[in-house]
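Take a look at the letters that make up each chain.
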Amino acid sequence: MSERAEAGLYAPVAKVPDRVAIEREVLARWSSTRVFERLREQTSHGEPFSLLDGPITANNPMGVHHAWGRTLKDVIGRYQAMNGRQLRWQNGFDCQGLWVEVEVEKSLGFDSRRQIETFGLDRFALACRDRVATYARRITGQSVRLGMWMDWDRSYYTMTDTNISYIWGFLAECHRRGWLTRGHRLMPWCHRCGTSLSQHELADSHADLVHPSVFLRLPLAGYPGESLAVWTTTPWTLPANVAVAVHPGARYALVAVPGHGDVWVAQDRLAALPRRGELLRTAAGADLVGRGYDPPLPGLDPPGSRTVPRRVVAWSGVSLAEGTGLVHIAPGCGAQDFDLGRELGLPVLAPLGEDGCYASGYGWLSGRHVTDVDAEILGHLADGGRLLHAGTLRHRYPRCWRCATPLVHRVVDEWFILSDEIRPALREAAGTVSWRPAHLGRRMDDWLANMGDWCISRKRYWGLPLPFYHCAEGHLTVIGSAAQLRARAVSGIEHLRELHRPWADAVTVACGTCGAAAARVPEVGDCWLDAGIVAFSTLGWRNPQARPGGYGDGAGAGLTAADLPDHAYWERWFPADVVCEMQEQTRLWFYSQLFMSVVLDGRAPYRNVVAYGRVRAADGREMHKSSGNAIWFEDAVAEVGADIMRWLYASQSPARDLSFGYGPARQAARRFLTLWNTYAFFVTYANLDGFRPAGELRRRGPDSSGLAGSAGSADSASLAPVDRWLLARVQQLVRECRAGLDELDLPAATSALDRFTDDLSNWYVRSTRDRFWHSGPSPDKTAAFQALWYALVTAARCLAPVMPFVADAMWHNLMSGVAGGVPDSVHLDGYPQVVDALDDPEGLAAMADARAVAELGRAARSTAGLRRRQPLRLMLAVTADPGRRARLAGLAGLVARECNVKELRVLGPGDGGPGPGDGPGDARAGAQRVAEGGWEVVLDTAVTPELDLEGRARDLVRRIQRLRKDRDLAVTAHIDVTFPHDEARVVAALGPWISEQTLARSLSPGADLDLAVARG
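Residues numbered from 1 in each chain as written. Predicted model: local features only at pLDDT ≥ 70, side-chain atom pairs only at ≥ 80, totals over all residues. Heavy atoms only, no water.

Next up on the list: the pattern of salt bridges. One pass over the full model with this rule turns up 63 salt bridges. Taking the shortest distance from any N to any O, the salt bridge between Asp505 and Arg520 comes out at 2.7 Å. On the criterion of sequence distance, the pair formed by Asp505 in the loop between strand S21 (489–491) and strand S22 (508–510) and Arg520 in strand S23 (residues 517–520) is long-range, its members being 15 residues apart. Among the residues examined, Asp505 registers a relative accessible area of 26% and is labelled partly exposed. Judged by its relative accessible area of 9%, Arg520 falls in the buried class. Arg771 is paired through a salt bridge with Asp723; the nearest N and O atoms lie 2.6 Å apart. With a gap of 48 residues between them, Arg771 in helix H25 (residues 746–773) and Asp723 in helix H24 (residues 721–742) connect regions that are remote in the sequence. Residues participating in the shared-partner salt-bridge network are Arg182, Glu414, Lys459 and Glu523. (Salt bridge = Lys/Arg side-chain N within 4 Å of Asp/Glu carboxyl O. Helix = DSSP H or I, 4+ residues; strand = E, 2+ residues; numbered from the N terminus. Buried < 20%, exposed > 50% of the residue type's maximum accessible area, 1.4 Å probe, protein only.)

Below, the discussion takes up empty space enclosed by the protein. Taken as a whole and assessed by the stated rule, the structure comprises ten cavities of 30 Å³ or more. Approximately 140 Å³ is the volume found for the largest cavity. Lining the largest cavity are Ile644, Trp647, Ala668, Arg671, Phe672, Leu675, Leu753, Asp754, Thr757, Ala795, Leu799 and Met803. Mapped onto the lining of the largest cavity, the elements with two or more residues apiece are helix H21 (642–651), helix H22 (662–689), H25 and helix H26 (779–799). Take the lining of the largest cavity: its biggest share by element is four residues, from H22. Among the residues forming the lining of the largest cavity, the class breakdown is nine nonpolar, one polar and two charged. In this structure, the second largest cavity encloses a volume near 100 Å³. (1 Å grid on protein atoms, 1.4 Å probe; cavity = no way out; pocket = protein on both sides within 12 Å on 5 of 7 lines; lining within 4 Å. Points joined across faces, edges and corners; volume = space filled by probe spheres on them. Nonpolar A, V, L, I, M, F, W, Y, C, P; charged D, E, K, R; others polar.)

Here we come to the sheet that holds strand S25 (residues 576–582). The three strands are arranged S16-S26-S25 in an open sheet whose pairing can be described as parallel. The sheet terminates laterally at strand S16 (434–436) and S25, the two strands that pair on one side only. Between one strand and the next, the sheet's axes are offset by a mean angle of 15°, whatever the strand orientation. By the bridge criterion, six bridges tie S25 to strand S26 (residues 606–612) in an arrangement that is parallel. Across the sheet, residue Val579 finds its bridge partner in S26, namely Val609. Packed onto the sheet, helix H19 (residues 589–600) meets S16, S25 and S26 and runs at close to 145° relative to S25. (Pairing = 2+ DSSP bridges. Axes fitted to C-alpha atoms, helices over the stretch in contact; angles between N-to-C directions. Contact = heavy atoms within 4.5 Å.)

Attention shifts here to the packing of H25 against H26. At a closest axis distance of 11 Å, the pairing of H25 and H26 adopts a crossing angle of 165°. Comparing the axis directions of H25 and H26 gives the class roughly antiparallel. Crossing angle aside, the handedness with which H25 passes H26 is left-handed. Along its contact with H25, which presents Leu753, Phe756, Leu760, Tyr764, Val765, Arg771 and Phe772, the element H26 presents Asp780, Lys781, Ala783, Ala784, Phe785, Ala787, Leu788, Ala791, Leu792, Ala795, Cys798 and Leu799. (Parallel < 35°, antiparallel > 145°, perpendicular 65-115°, else oblique. Left-handed = near helix turned anticlockwise from the far one by under 90°.)

Further remarks concern the sheet that holds strand S17 (residues 454–455). Spatially, S5-S4-S15-S17 is the arrangement adopted by the four strands of the open sheet, whose pairing is antiparallel. The sheet is open, and its two edges are formed by strand S5 (195–196) and S17, each paired on a single side.

Taken as a whole and assessed by the stated rule, the structure comprises 38 aromatic pairs. Just above the ring of Trp149 sits the side chain of Arg78; from NZ or CZ to the centre is 3.7 Å. (Phe/Tyr/Trp six-rings, centres within 6.5 Å; stacked < 30°, edge-to-face > 60°. Lys NZ or Arg CZ within 6 Å of the ring centre and 35° of its normal.)

These figures capture arrangement, not role.
So this is what it looks like as structure tokens:
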């Protein structure tokens, strides 16, 4: 063997890869050789592929749940770039709203809004901005480690004046259409954050919580001894009670309850009444309507309560599936109660302030916090003889999506965008989108059909200032851009540092109606406005019909003036080809984008939506920091590497939640080892043999068809059938991967790679292993090397979008010494195309038959209790399909080797087989029983002395090879073997063959099997 071959053309490959070290090495090479920048240059004139990044919140380090979406986006983007498509590669950071405010409050030790105001809004705003900057840098570094490619210096930030200015333009358009209104409505309220939440923020923000389950009685006025039995899980709302609702069509029963008099309860709910009693009579619910009753907590005299004529009202929405069938109504505390109260003209008692404490006028409750009063309220009910029963109930209850505080309801003044007029256009636009999974399209349509008006105001600080200005006469002026603000400012504009509080609060403008000075309302906007506008703000959208100064100019949103010569830039990239986020974004980011886009442009802002589930712990539980089972990205990537994480994400069906843990990650790593071991096998033997890929590989565009020519460059006569099958199997891989990635079905592509890896290792390499070991040059061995090299190179190219690090490491090594200007990164090489000349459906079908027969043969051996290494004389494969027989005949030798038989005969039903003394006597009967088109296999199980010796020799070789492996000997190391005395006959008969297989220079008898490295 030559000195060059001993050194090896390919870098040695460890048996067990250090994935983290490989990834860091590849990252360093990408940086030093500017791979990403060169890819962008290479695709700069390609057809646009618009992938709009949903902004990640720059508020905390990434967890493994963040990495799922970022992986999917990167896989899609890399694949499209390898196909020559031009991408914008723009990352986004979400910067405003409760996400950031709550964390800054924690860092400052605050637990109320008042502390923020005492601290100073300017200092608080700057602290929020600093936090965003810190974690934007942190997330950028983590994303780079994940392998995500973005033009990081060009990231957009939703807190920029430009982004805010575009939102102002949207709000001005809503105002122009008459959709903007201020309403006095009941809203879900977080008393910790001191703000209301919108309907879409509640959709996926519930938890199983334990609350009181209280049954109480309310004495009927004018009906001595009779009471209404009501049930509630929110006793804090009882001071705001103004009515009790019954179902007018239901039957109600009057029951004598010992110690509590006679109580009315729905007849269908008698079993739910904690205290049983004698049934006295029944009445229709309608007969109870209009009756008055005493308040739940006598002695409380809240504002307005003296004029409240508490009475029984009719409501068809009363449920007969829970409670007593009589519903306590407090319009100031519950959404359905509020709607019913508005319908019936009921008064509204609003007991809570913004901090969750009872307002003045509520007696002993005034100033008390809503979370502290349940026990005292129950005590008052018991003392007054009103309490029938008190227990607890676990149920689903809404929480603040950011701080997890259980929500209450308050009647507040908020700003809304009316939805009824735009609803049909939204549903029509959503219907043009391809949703993955498909059920999300139905979910979005259901949401759009039933959504309420969009509450866009928040009583907070770090957010976009709503551009609504009131003068002393009450006229409303809506400012449509930052430029318009400057043009109409009356005072304070010289101190406007940025479009945030408190600087924006100080600016007054000229009223658009009367010209008087107008001041801004104090509210900030819903954070989903921030992200919903990015399809316009990041692309420099200019509405051709917009009034001068009505919209932003694009500067500061990651674009320069040179990027935005005219409206054509936006038209080139809008709508997005793909957006990808969690499924819960259906009613959040996907919705806000859709709403804003339909208002401004009349179209959906995206063509395809890819949405994925939640990341859960390995045991299926939700991941939470408080539960101690959350996994941070940096810990996970250090433990298992980025490629394995990416494989887990890409191979998971997005329709289901992903259980992430180190156990599942290690399982994925073990599957990956199959491909790595095949790659290591090639490198080891190619270096020993001095193999260099034949043919000059020249670039021929993104399909790299020059590689295909190389695969077939060996003399076609030297290609074994299994080589031709492998080349065809590679084309099948390319076709399946392309189909999956083109359809945004990433699990289909990873499944194709999984199957191919198994075929490559457990069929091709296993069935052809001896060809690589054969000493000396031969056309057959060269053909095997060439086919395996081509398969590994193409697999690396197919794998590159999903596992970019290992794919690039493999590619870089496998392409060592290849002539013809081959790029130095797999990501600069095109995604492979199917090479028609190598496609062979017939060959694939033939090999499928061969594998099926081999599997039947192995099963027959197992049934007969025969070792796999024990050779047999004959196997019959029988089918009635002549085409399948013809195909298998050309692979008979391969199948015979797989099944360790000397001969394979392929027969049809009734064909002649061995005679009664020559083999399996039931061969003809078996052939006749074969199902139409199926296979049946029959083995000659007779073991002659010669076959027995050969089987024992194979077992001895296996034991020697195991010793070589255990002692970590080099593949080329020659050895001296000592064999047990009882193997003397085997060695005497087959010693030369044993020596050839094990590189043994000597075989000597001894007590036990042992070996030593041969000297000299």
